[in-house]
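Descriptive structure summary
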Amino acid sequence: MKRMKRIAAALLATSTIMIGASSVEAANIAVVGGKNDDAFWNIIKKGLDDARLVVEANGGSVNYLRLQTYDNFAPDVVQLIRTAISQGVDGLVIPNWVPEAEDPAIKDAIKAGITVILMNAGGQDKAIELGAINYVGSDEYIAGKAGGEYFATKGKKNVICVNTVPGAANLEARCKGVIDGITAKGGSAKQLPLPATSFGDPTAVAEAIKATLLEDANVDGLITISAGDADSAAIGITQAGKTESVMLGTFDLNQSGLDRIKGGTQGFAIDQQPYLQSLLAVTLLASAIDFGTDLPTAPVLTGPGIVDASNIDATLAGVQKGAR
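Along every chain, residues carry numbers that run from 1 in the direction the sequence is written. Reporting of local features is limited, given that this is a predicted model, to residues whose pLDDT is at least 70; pairs of side-chain atoms are given and counted only at 80 or more, and all residues count toward the totals for whole chains, interfaces and linings. Processing note: side-chain calculations cover all non-hydrogen atoms of the structure and skip hydrogens and water entirely.

Stated formally: UniProt positions are given in the numbering used here, feature names are shortened, and annotations may be inferred rather than shown by experiment.
As recorded in an unreviewed UniProt entry, the protein goes by Inositol transport system sugar-binding protein and comes from Sinorhizobium sojae CCBAU 05684. The record in UniProt for the protein states the following under Sequence similarities (unreviewed entry): "Belongs to the bacterial solute-binding protein 2 family." Within the UniProt record for the protein, the comment given under Subcellular location (unreviewed entry) is "Periplasm".

Below, the structure is given as structure tokens:
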């Protein structure tokens, strides 16, 4: 009897070894992202770190390849894609920031057998064109339209969209969405394109907004294409004496904007929810590689998420945890 038990134990041990040897290696994923001191991309990192727990639990790994500077942007992004290819990763999560530079490298990654998901920039049309399995992120036009509709629900009739980088496709789409959104609800809106010299100059932006509001008394809503510009807009609105009549909105979040929403001096912010972008992109990609799963929803939109007085406390709690 003892001899039979020893034989059974040996067979069990052998079968366990064979099963382990025949198992498929889990997904090794590379994610390309922005600089370490970029607050937006640190929120992306929070989502990535949480997704990593799932990937590692299934035996895989996640490697975050971050840009060191933005001075040589397009070539550096391409180099990170090439690095991922040379590492022999199974999956790549990549923002399609500069299509003309990145597209050839992304196609090479796919040719090398790497499964790709576009995240944050690119859109579903570009994902289909390149052969990526999905796009996870925001649609700028849809986000803008939600902003225009929000103004309308608050009774605003005459809105301006301040664009400090006129000509940039994603920002033009934001303003176009705002205009279409409020127009469909019976209001009106127009874009206020500022000179390129005003970009990154808070004083110039604030002065331009102040002058516009003093010239047009009918404006009752104003939205900026970035959270930083909203800081300047808040100053311009105050200097024009319009804090009671002009509702301020913006795309994206920062602490000062959230504080204004909490304090009642800013109406809302449109959040593309970057935490969800990396969390969903990495886990969806790992699942596709490891288990052959497919998601019928494409693109996977992480926004627009409207932050206003109704959910500011929950949003601030998310900020404290590094996810908003």
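Focus: the packing of aromatic side chains
For the record, the criterion: Within 6.5 Å between ring centres, the rings of Phe, Tyr and Trp (the latter by its six-membered ring) count as paired, and their orientation is classed by plane angle as stacked under 30 degrees, edge-to-face over 60, tilted in between. Note on exposure labels: buried denotes an accessible area under 20% of the residue type's maximum, exposed denotes more than 50%, and partly exposed covers the range between, all computed with a 1.4 Å probe on protein chains only. The secondary structure listing takes helices from DSSP runs of H or I that are at least 4 residues long and strands from runs of E that are at least 2 residues long, numbered from the N terminus. As a reminder, the over-ring test applies to NZ of lysine and CZ of arginine, requiring each to be within 6 Å of the ring centre and within 35 degrees of the ring normal.
Considering all chains together, one arrives at 6 aromatic pairs under this definition. With centroids separated by 5.8 Å and ring planes inclined at 70°, the aromatic side chains of tyrosine 70 and phenylalanine 73 adopt a geometry described as edge-to-face. On the basis of relative accessible area, tyrosine 70 is assigned to the partly exposed category, the value being 34%. Between the aromatic rings of phenylalanine 151 and phenylalanine 268, the centroid separation amounts to 5.0 Å while the plane-to-plane angle is 75°, which identifies the pairing as edge-to-face. Residue phenylalanine 151 is found in helix H6 (residues 140-153), and its partner phenylalanine 268 is found in strand S10 (residues 268-271); the two are separated by 117 residues along the sequence. One aromatic cluster in this structure is built from Phe40, Trp41, Tyr70, Phe73 and Trp97. The side chain of lysine 35 reaches across the aromatic face of tyrosine 70, ending 5.2 Å from its centre.

Regarding the confidence of the model for the protein
Here is the rule: One number per residue, pLDDT, summarises how confident the predictor is, and it ranges from 0 to 100. Here a residue-residue contact requires only that any non-hydrogen atoms of the pair lie within 4.5 Å.
The predicted model of the protein averages 90 in pLDDT, with 93% of residues at 70 or higher. Low confidence marks residues 1-23, where pLDDT is under 50. Its contacts with residues over four positions away, or in another chain, come to 0 contacts.

Side note on the domain arrangement of the protein
The figure often quoted for interface size is the accessible area lost as the parts come together. We apply this condition: Per the annotation, domain bounds derive from an automatic or database assignment of domains. A quick way to say it: buried area is the sum, across both parts, of accessible area lost when two parts are put together, with a 1.4 Å probe. One side-chain nitrogen of Lys or Arg within 4 Å of one carboxyl oxygen of Asp or Glu is enough to make a salt bridge. We define a polar contact as two N or O atoms separated by no more than 3.5 Å, with the added condition that, inside protein, one atom must be a possible hydrogen donor and the other a possible acceptor, whereas residues neighbouring each other in sequence contribute only through side-chain atom pairs. For this scheme, ten residues count as nonpolar: Ala, Val, Leu, Ile, Met, Phe, Trp, Tyr, Cys and Pro. Four count as charged, namely Asp, Glu, Lys and Arg, and the remainder, Gly too, count as polar.
By the assigned domains, the protein splits into domain 1 (28-138 + 273-303) and domain 2 (140-271). A C-alpha centroid distance of 31 Å is found between domain 1 and domain 2. At the junction of the two partners, domain 1 supplies 6 residues and domain 2 supplies 4 residues. Between domain 1 and domain 2, a total of about 370 Å² is buried, with carbon and sulfur atoms accounting for 50% of that surface. Taken together, the connections running from domain 1 to domain 2 amount to 0 salt bridges. For the interface between domain 1 and domain 2, the tally reads 1 residue pair in polar contact (both at pLDDT 80 or more). Its residues placed into classes, the side of domain 1 that touches domain 2 shows 2 nonpolar, 4 polar and no charged.

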